[in-house]
Amino acid sequence: MKQLKFHLDIVKNNIEILENIFDEIKDSFPLTKEKYKTLKEKDFKIFDVIAYRFIKTQAILGEKIFREILEYSEFDLNNKNFLEILSELERMGILKVNEWRFLRELRNTLSHDYPYNEEEILEALNSLHFELDNLKKIFNKIKVEYEKISKIKQRRD
């Protein structure tokens, strides 16, 4: 399944970029009101890149890869809604539905430009910093599942 591999590569790249950026600005976290007030224009550009990569990564996982990995594992997706897909992924040990919902809410918050409330901005950016690990764990579990299924399919062929 070339499309799944392609999407996995995009997510891997985005996660690596996010990790590198966060590593460069690790002293900024957790962001406090005091730190926020000292940020410069270049800092906000970095946060925009982080938000963009996070939004894109979360969207590719939720809108593409989840369905693709289940199709690849020969799970019947006919008439399955997104909650049923998430439940199956939870059953497989890939994610927890509530954690995914939080990641989605965070993506929605970030995609509406930064809120005007300073506390909301700080909360979203601090959450994004913390939640990158959860996004990475989900991705790694999907990658392991992909490799496992690929080996099984190779033996069958």
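For the structure itself, consult the block above.
Here is what the cut-offs are and how they apply
Residues numbered from 1 in each chain as written. Predicted model: local features only at pLDDT ≥ 70, side-chain atom pairs only at ≥ 80, totals over all residues. Heavy atoms only, no water. Helix = DSSP H or I, 4+ residues; strand = E, 2+ residues; numbered from the N terminus. Buried < 20%, exposed > 50% of the residue type's maximum accessible area, 1.4 Å probe, protein only. Salt bridge = Lys/Arg side-chain N within 4 Å of Asp/Glu carboxyl O. Polar contact = N/O pair within 3.5 Å; in protein donor to acceptor, adjacent residues only side chain to side chain. Contact = heavy atoms within 4.5 Å.

> Pulling in residues and values, what's your account of the environment of V97?
Within the secondary structure, V97 sits in helix α5 (residues 97-111). The class for V97 is buried, based on a relative accessible area of 8%. For the pair V97 and L135, spaced 38 residues apart in sequence, the C-alpha separation works out to 13 Å.

> Provide a residue-level description of the pattern of salt bridges, including the pertinent values.
Side chains that differ in charge, positive against negative, can pair when their charged atoms come close. Tallying each qualifying case throughout the model produces 12 salt bridges. Here K42 and D43 are joined by a salt bridge, their closest N and O atoms 3.5 Å apart. The class of K42 is exposed, set by a relative accessible area of 53%. Looking at D43, the relative accessible area reads 16%, which means it is buried. Through salt bridges with shared partners, a single network forms among E74, K153 and R156.

> Summarise the side chain of N14; cite the residues concerned and give the values.
Mapping N14 onto the fold places it in helix α1 (residues 2-24). A distance of 2.5 Å separates the side chain of N14 from the side chain of R53, its partner in a polar contact. A distance of 3.2 Å separates a polar atom in the side chain of N14 from a polar atom in the side chain of T57. In this view, N14 contacts R53, K56 and T57; residues no more than four positions away in its chain are not counted.

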